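# Inside the fold
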Amino acid sequence: MDIDSLFKVPKFPTSGNKRKMPANPTPEMLKKMRIETEASDKDIETLPSSPRGKSKTRTTVEDAMDEDEDQSFAPGGDADYFIEEDEDGRFYGGGLTSEQKDILNIFERAGDEVLAESDELTITGIRRTLLKFERAVSKNQDQRSKYPDDPTKFIESEADLDNAIKSLLPLAQAPALAYSELVRSETIVLLVGLLSHENMDIVIDVVEVFHELTDEDVGEADGNEEDSEGHAASLKLLIESLLENSIMDLLIGNLKRLNEDEESDRQGVFHILGFFENVIGFNPSLATDLVLKTNILVWLLQRIQSKKHDENRGYAAELLSILLQDNQANRLELGKKDGIETLLKVASQYRRRDPVDAEELEFMENVFDSLCSALNEPDNKTLFVEAEGPDLMVLLIKEKMECRSKSIKTLDYAMSGPAGTLNCQAFIDALGLKTLFSAFMGKGTKKHKSAALPLASEDTSHILGIISSLFSNLPSDSPERIRLLTKFVENNYDKVDKLLDIRDNSLSRLRAADAEIERQKKDVLADGEEISPEDEDAWYILRLDGGLYTLQTVDYILAWIAMEDDGIRLHLSQMLSRKNLSLKDVVQTLRIYRDNVGEDSNNTDEAGSTSQKAILQGLILALEPT
């Protein structure tokens, strides 16, 4: 019998076989290692002595180190790797290097910080934060008043104030609790007052807080209607309190104080513009007050004229576009501030070059969109002619740069309605017909003769709108009108054929829309409900989007040219007959158009002018005998 096999001595883990930890262990791995190490220490302590007469003295760390003094076991030469012992000399450190210990401590501290942050967003934590801020403001004001000429006396309080302001940023995550406390405690009054602080860094901190607090997306509940309503109510309370404290004027004043050559000041300008966007997005009616009661419009027009493009220049153009959208008062104010001429100057920069990147492209689009919004007002259409806007747009279309589509759209807005008559005449005088019909037929430029760029559907719609306005506004038998009509006669009526191609495409789209409408009608009737006038209006809008609008514009133009030229009328009748159609189909489209045009449509923006409905009725009567 082998005594050794009966009484095998357990193999003790030696330092030479100590397990190695990975360089970046996870917290779960470190926790598991500690548990295993503690369990191993208990097992070693309770092991029986060897029956073969081995010494009963327990092995200590000093013994192991004496035996292996020539070997280096500490990874990275960490002196703390083996020195952790309990009072009896046993090793219990787990084999952690100092780097691994630091990683574990970071995870523990992060958990503590998250817990502390959640505590700060309770009502008690919020009040504590606001009290700390109020004390920092009071201390800074006191030291600045005592030592106005010695910055060393108040620089420490200024640093504390900076930290106290930044501590308000997390309050945006709990608007329902925080915003009412901000107003109740009059912290808002203190914050607004700091916009006049001598230190611009403090002002920029405050502006950042306002930008963050008024962001509708921050702190909003996901999918919870009740919480969303509470968030909106809290935001409304905050914005009203800010407006009561004249924040608009103070922010505009700080735009002049900030020097955008400095990075921090550029951020300050960005936050101010962001605040304005947030406030207008929440309450669009405030756009009128912002333009009429402050100098924001003058600043924006100056800012977009900068030769160097940057983020704030783009933001200024975006905010200008927002202020003019659906706001007649702001559009008229733009005209009074020479805004039409300024926008044309900025647009002219893209005659010879395209935007260098996506950000500048967005800037350019916002400039043209602002121009189009302004041209909804008759007074601004006159200013557009005086600033030679039609001439510039024709030049931009000729170059066929990135701004080509936007230039066509701008002309459509400028020439529409009776107020656009002067722009129509100026367009003809600028030799715009050749340029317009070249784009209409999809002809290439001199640089790209073999690569004619196809017209986008939006371009086609605006070109048709321009032609329609020319027929509506140019006097009968005038030289300008005769030149327009000649364009449809030349080259064997190729432009008439182009109109018919567009008409066929619109009819195909309209048939698909009508099929969808019929399906919806059946669903309504199947549910036992009656078709309401609201349903009819919705379906008419669906038809307009589905091709009816383009069809109406094409047939409006076809009616004019067929009525005024017998050769065109004969050619048009022949081409329609090939598809089993006639001028009666054109008349039917005009009837639908007439029945759905109101007397106060956008095409009749001057008192006493002939209404669009009357023009349509005249065209119907002229074509009906056929």
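Residues numbered from 1 in each chain as written. Predicted model: local features only at pLDDT ≥ 70, side-chain atom pairs only at ≥ 80, totals over all residues. Heavy atoms only, no water.

Per an unreviewed UniProt entry, the chain is named Catenin-beta-like protein, and its organism is Lentinula lateritia. Heading Subcellular location (unreviewed entry) of the UniProt record for the chain holds this comment: "Nucleus". (UniProt positions renumbered as here; feature names shortened; annotations may be inferred.)

Time to look at the pattern of salt bridges. Per the stated rule, a full pass over the model turns up 27 salt bridges. Where R127 meets E181, a salt bridge forms, and the shortest distance between an N and an O atom there is 3.3 Å. Taken together, the residues R127 in helix 5 (residues 123-146) and E181 in helix 7 (residues 175-184) connect sequence positions 54 residues apart. Here R127 falls in the partly exposed class, since its relative accessible area comes to 46%. As a salt-bridge pair, E158 and R144 come within 2.7 Å of each other at their nearest N and O atoms. Separated by 14 residues along the polypeptide, E158 in helix 6 (residues 151-166) and R144 in helix 5 bring together distant segments of the chain. What makes E158 buried here is its relative accessible area of 9%. In this structure, a network of salt bridges that share partners links the residues K487, E490, D494 and K495. (Salt bridge = Lys/Arg side-chain N within 4 Å of Asp/Glu carboxyl O. Helix = DSSP H or I, 4+ residues; strand = E, 2+ residues; numbered from the N terminus. Buried < 20%, exposed > 50% of the residue type's maximum accessible area, 1.4 Å probe, protein only.)

Within the element layout of this structure, H197 appears in the loop between helix 8 (187-193) and helix 9 (200-213). In this structure H197 comes out as buried when scored by relative accessible area, which is 7%. Here the side chain of H197 touches N140 through a polar contact of 3.0 Å, side chain to side chain. Every residue in contact with H197, bar those within four places of it in the chain, is listed here: N140, R144, E158, L161, I202, V203 and R257. (Polar contact = N/O pair within 3.5 Å; in protein donor to acceptor, adjacent residues only side chain to side chain. Contact = heavy atoms within 4.5 Å.)

With that settled, consider the packing of helix 14 (residues 296-303) against helix 15 (residues 311-324). Each pair of packed helices can be described by the angle between their axes along with the distance between the axes. Following both chains from N to C, one finds helix 14 and helix 15 inclined at 135°, their axes separated by 9 Å at the closest point. Here helix 14 is positioned oblique relative to helix 15, judged by the angle of their axes. Between helix 14 and helix 15 lies a crossing whose hand is left-handed. Of helix 15, the residues touching helix 14 (which contributes L297, W299, L300, L301 and R303) are N312, R313, A316, L319, L320 and L323. Its residues placed into classes, the contact of helix 14 with helix 15 shows eight nonpolar, one polar and two charged. (Axes fitted to C-alpha atoms, helices over the stretch in contact; angles between N-to-C directions. Parallel < 35°, antiparallel > 145°, perpendicular 65-115°, else oblique. Left-handed = near helix turned anticlockwise from the far one by under 90°. Nonpolar A, V, L, I, M, F, W, Y, C, P; charged D, E, K, R; others polar.)

To continue, consider the nonpolar core. One finds F276, L470 and F488 to be the most contacted residues of the largest nonpolar core, which totals 133 residues. Residue contributions to this core peak at nine residues, all from helix 9. Here F276 is in contact with M248, L251, I252, L290, I296 and L319, once residues within four sequence places are set aside. Ranked by size, the runner-up nonpolar core spans five residues in total, among them L507, L510, Y540 and L548. (Core = buried A, V, L, I, M, F, W, Y, C linked by side-chain atoms within 4.5 Å.)

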